Structure formats: structure tokens, C-alpha cells
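Chain by chain, the residues:
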Amino acid sequence: MDGNGRWAQQRGLPRHEGHRAGARAVREVVHGALEMGLRHLTLYTFSTENWSRDREEVDAILGLLRDEVADNPFRDLDVHMRWHGRAGRLPTDLADLLQLRERTTRGRTGLTLTMCIDYGGRDEITRTAAALARRARAGQLDPDRITDEDFARHLPHPDMPDVDLLWRTGNEQRTSNFLPWHSAYAELHFTPGLWPDTDRRDLWQAVTAYTGRQRRLGAESPNPLPL
Ligand code: IPE
Ligand code: MG
């Protein structure tokens, strides 16, 4: 979800107004995802690198996030909310709220909405390597026989599915440390529009572009799309 700052700048507004508008776009796109029957929507909300922004902006983003999660806009929808990222560095009231939402929406089976907050792909891979090293040191795992599946089982959130479509708004063509393990075979989709201007029609277009791709996953003939 890129482009909040530029959206605000274009209007002569402070950056936090761009983030506020970005939060409205999240609500809109979640409704679109439910309409389309998507099973998973994973949002890169706050990265491990975002801490390096001005203190004022970091506080504004985290405060806005807390207000959104407290407001609970998806309370009446079939949305299971999850948080993916580092525990321990976020303000405790925000972390507590995220955990509460995760617990109380656990039974919902429609859309799994994962918010990546204090998330970084290299951090995730480093922590996975540490978990594997601990198992090996305890004699529970032979380092010479570690497989992809072993690695995946030791990820901080082992039940996160692979990414089918990775979509970035804001006119940048890079993935910036987002879900590198899960995106190994993701279709990439980059769009010029700014995140706060995004609505469900853009999600529809992104998914339509995805369905036009041929995914061979290393095989010679096309595989059926998993959507
Ligand atoms: C994305 O918008 C929101 C977050 C990273 C939290 P930006 O804040 O990166 O917006 P630009 O790139 O400055 O326009
Ligand atoms: Mg940006």
C-alpha cells in the first residue's frame, strides 16, 4: 500500500492525512475482497524499516492503526483478522488489541485479513534460521537434511499460504522486503495510482490481470490457477 505521503503532499496536507485516507482505502478494498470471494488478503501495513521515519510520522501511523483496530470496522463481516510481524516493539495497547481481534475472529472462515505490522522479510527469515539452529543444537534436526518443508514449518507463521499475486501501488517496481519466502512464485503487479485513491475496482483489475497470467511453477505445462 504505497503512496500515502505523496497523496497528502499533492493536496498540501500533512503526511498523516495521507495515512488516514489510506485507512479508508483499506476498508474499501476489504469489502471488495469479500465481494470477490478472496480467501486471503495480506496488507503490508508497517515494515521493520518504517521505524526510521520521523518519530512524529511513526507515532501518527501507529496511533491511526490503533484507532482503526479499536473501531473494529469489520466486526459484522466474515473476516478473520491476523497480525504478522515482530512482537515486542509495538506499543502494548496496539499489540493487545491486535491479539484480541485475532482471538475473537478466529472462527470466521470467509476472508483471512493479515496485517503485516513491524514486519520484515529478512527479519522473518533470520528468526526462522535461528529456530532451525536451536532445533539442530538440541539434536532434533539434522542440518544436512533440512528441506524446504522443514524451513516453512519453522517460519513464525507457518500457516501463511504462498502469495499468488503481489500487488504494489504507488508507481514503484520493487517488493521491499515483503514476504520473500512466500512470494517466490508470486505474480507481480505494479500500478501507478496512489494507495488512498485505490478502490475495489482496482482490486478487481489486479485479480483480472492475474487470471490472464500463465503460471507454470517451473513445470512445462500451465497449472490451473489456484483462485
Ligand atoms: C505507504 O505510503 C504507507 C506506509 C509505509 C505506512 P508512504 O508513506 O510510503 O507514501 P509515499 O511513498 O511517501 O508517497
Ligand atoms: Mg512509500
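What counts and what doesn't
- Residues numbered from 1 in each chain as written.
- Chains lettered and ligands numbered in written order.
- Predicted model: local features only at pLDDT ≥ 70, side-chain atom pairs only at ≥ 80, totals over all residues.
- Heavy atoms only, no water.
- Helix = DSSP H or I, 4+ residues; strand = E, 2+ residues; numbered from the N terminus.
- Rg over C-alpha atoms; globule rule 2.2 N^0.38 Å.
- Phe/Tyr/Trp six-rings, centres within 6.5 Å; stacked < 30°, edge-to-face > 60°.
- Buried < 20%, exposed > 50% of the residue type's maximum accessible area, 1.4 Å probe, protein only.
- Near = heavy atom within 4 Å.
- Polar contact = N/O pair within 3.5 Å; in protein donor to acceptor, adjacent residues only side chain to side chain.
- Areas by Shrake-Rupley, 256 points an atom, 1.4 Å probe, with all protein chains shown as cover.
- Nonpolar A, V, L, I, M, F, W, Y, C, P; charged D, E, K, R; others polar.
- Pairing = 2+ DSSP bridges.
- Axes fitted to C-alpha atoms, helices over the stretch in contact; angles between N-to-C directions.
- Contact = heavy atoms within 4.5 Å.

Novice: Explanation requested: the overall build of the protein in the structure shown.
Specialist: What the protein contains, in helices and strands, is seven helices and five strands. Shown N-terminal to C-terminal, the secondary structure of the protein runs as helices and strands in the order α-α-β-α-β-α-β-α-α-β-β-α. Relative to the 2.2 N^0.38 estimate, which gives 17 Å for 227 residues, the radius of gyration of the protein is 18 Å and therefore close to what a compact globule would have. Across its three principal axes, the protein shows a C-alpha extent of roughly 60 × 45 × 35 Å.

Novice: Is there a simple way to explain the packing of aromatic side chains in this structure?
Specialist: What describes a pair of aromatic rings is the distance from one ring centre to the other and the angle between the planes of the rings. Within this structure, the stated rule accounts for six aromatic pairs. Between the aromatic rings of phenylalanine 151 and tryptophan 181, the centroid separation amounts to 4.4 Å while the plane-to-plane angle is 25 degrees, which identifies the pairing as stacked. With a gap of 30 residues between them, phenylalanine 151 in helix H6 (residues 148–153) and tryptophan 181 in the loop between strand E4 (165–168) and strand E5 (187–190) connect regions that are remote in the sequence. With a relative accessible area of 15%, phenylalanine 151 lands in the buried category. When the ring of tryptophan 167 is compared with that of tryptophan 195, the centres are 6.3 Å apart and the planes differ by 65 degrees; the resulting orientation is edge-to-face.

Novice: Could you clarify how one ought to interpret the site of ligand 1 in this entry?
Specialist: Taken together, Met1, Asp2, Gly3, Asn4, Gly5, Arg6, Arg15, His19, Thr45, Asn50, Arg53 and Ile61 are the residues near ligand 1. Measuring from an oxygen atom of ligand 1, one finds a backbone N or O atom of asparagine 4 at 3.1 Å. Contact between ligand 1 and arginine 53: an oxygen atom at 2.7 Å from a side-chain N or O atom of the residue. Coverage of ligand 1 by the protein chains reaches 85% of its 390 Å² of free accessible surface. Listing elements by their share of the shell around ligand 1, those giving two or more residues are helix H1 (4–10) and helix H2 (15–36). No other element matches the three residues that H1 contributes to the shell around ligand 1. A per-class count over the shell around ligand 1 returns two nonpolar, six polar and four charged.

Novice: Teacher, can you tell me more about the sheet that holds strand E1 (residues 40–47) here?
Specialist: What the three strands build is an open sheet, ordered E1-E3-E2; its pairing is parallel. The open sheet is flanked by E1 and strand E2 (79–84), the only strands paired with a single partner. Strand-to-strand twist of the sheet, defined as the mean angle between neighbouring strand axes without regard to direction, takes the value 20 degrees. Pairing geometry for E2 and strand E3 (residues 111–119), over six bridges, is parallel. Each bridged residue has a counterpart across the sheet, and for valine 79 the counterpart in E3 is leucine 111. Packing of helix H3 (residues 55–71) onto the sheet brings it into contact with E1 and E3, and relative to E1 it is tilted by some 145 degrees.

Keep in mind these values describe shape, not function.
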